[in-house]
Amino acid sequence: EVQLRESGGGLVQPGGSLRLSCAASGFTFSFYAMSWVRQAPGKGREWVSGISSGGYSTRYADSVKGRFTISKDNAKNTLYLQMNSLKPEDTAIYYCAKHDTPNVTPGRYDYWGQGTQVTVSS
């Protein structure tokens, strides 16, 4: 059974940092690309960042480029998202999502985690 479990969310002040983790199990983690997707209150899901199966290729939405860093530890079956210089508009539920391909392919997700809440507020 494929499982994706996010952690690391919380309340942080503007300008602060958080690191999200996504522990994966039930599949060969090193074979597949992974992404982070967020959903703000009252809005649709927004792709944030993606990383290829081997971790060598990364992509970011323009809204987070230069502030967020995605990484993938295939030995630990864990996906990370380091978020710096957080803004109130980053407030959302953050989901990790497994692609069914080795490269980040838009919309090609087959499994999702349950999400972790990130709130940026003073």
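Scroll up for the structure.
Procedures and definitions
Residues numbered from 1 in each chain as written. Predicted model: local features only at pLDDT ≥ 70, side-chain atom pairs only at ≥ 80, totals over all residues. Heavy atoms only, no water. Buried < 20%, exposed > 50% of the residue type's maximum accessible area, 1.4 Å probe, protein only. Helix = DSSP H or I, 4+ residues; strand = E, 2+ residues; numbered from the N terminus. Pairing = 2+ DSSP bridges. Contact = heavy atoms within 4.5 Å. Axes fitted to C-alpha atoms, helices over the stretch in contact; angles between N-to-C directions. Disulfide = S-S within 2.5 Å. Core = buried A, V, L, I, M, F, W, Y, C linked by side-chain atoms within 4.5 Å.

Only one face of strand S11 (residues 116-120) is covered, namely the face carrying Thr-116, Val-118 and Val-120; the face carrying Gln-117 and Thr-119 is uncovered. Both strand S2 (residues 10-12) and S11 contribute to a ladder of three bridges, which runs parallel. Of the residues in S11, the one forming a bridge with Gly-10 is Val-118. Sheet topology places strand S9 (residues 92-99) next to S11; three bridges connect them, and they run antiparallel. Residue pairing for S11: Ile-93 is matched across the bridge by Gln-117.

With respect to the element layout, Arg-67 can be found in the loop between strand S6 (58-60) and strand S7 (68-73). Once residues lying within four places of it in the same chain are set aside, the contact partners of Arg-67 are Gln-82, Met-83, Asn-84, Ser-85, Leu-86, Lys-87 and Asp-90.

Once that is clear, we can look at the sheet that holds strand S3 (residues 18-25). Strand order across the open sheet formed by four strands is S1-S3-S8-S7, with antiparallel pairing between neighbours. What marks the edges here is a single partner per strand, and that holds for strand S1 (3-7) and S7. Strand after strand, the sheet turns through a mean of 15 degrees between neighbouring axes, direction not considered. Sheet analysis places S7 next to strand S8 (residues 78-83), joined by six bridges and oriented antiparallel. Bridge assignment links Phe-68 to a residue of S8, and that residue is Met-83.

Inspection of every chain in the model, using the stated rule, returns one disulfide. Residue pairing for Cys-22: its cysteine sulfur links by disulfide to Cys-96, the two sulfurs lying 2.0 Å apart. What sets the handedness of the Cys-22 and Cys-96 disulfide is the S-S torsion sign, and at about 45 degrees it is right-handed. Taken together, the residues span a long stretch of sequence, with Cys-22 in strand S3 and Cys-96 in strand S9 at a distance of 74 residues. Looking at Cys-96, the relative accessible area reads 0%, which means it is buried.

Core analysis: the largest hydrophobic core is formed by 27 residues, its most contacted members being Trp-36, Phe-68, Leu-79, Leu-81, Met-83 and Tyr-94. Elements with a contribution of two residues or more to this core: S3, strand S4 (34-39), strand S5 (45-51), S7, S8, S9 and S11. It is S3 that provides the largest number of residues to this core, a total of four residues. Ignoring sequence-local partners within four residues, the contact set of Phe-68 consists of Arg-38, Val-48, Tyr-60, Leu-81, Gln-82, Met-83, Asn-84, Leu-86, Asp-90 and Tyr-94.

Purely geometric numbers; function is a separate question.
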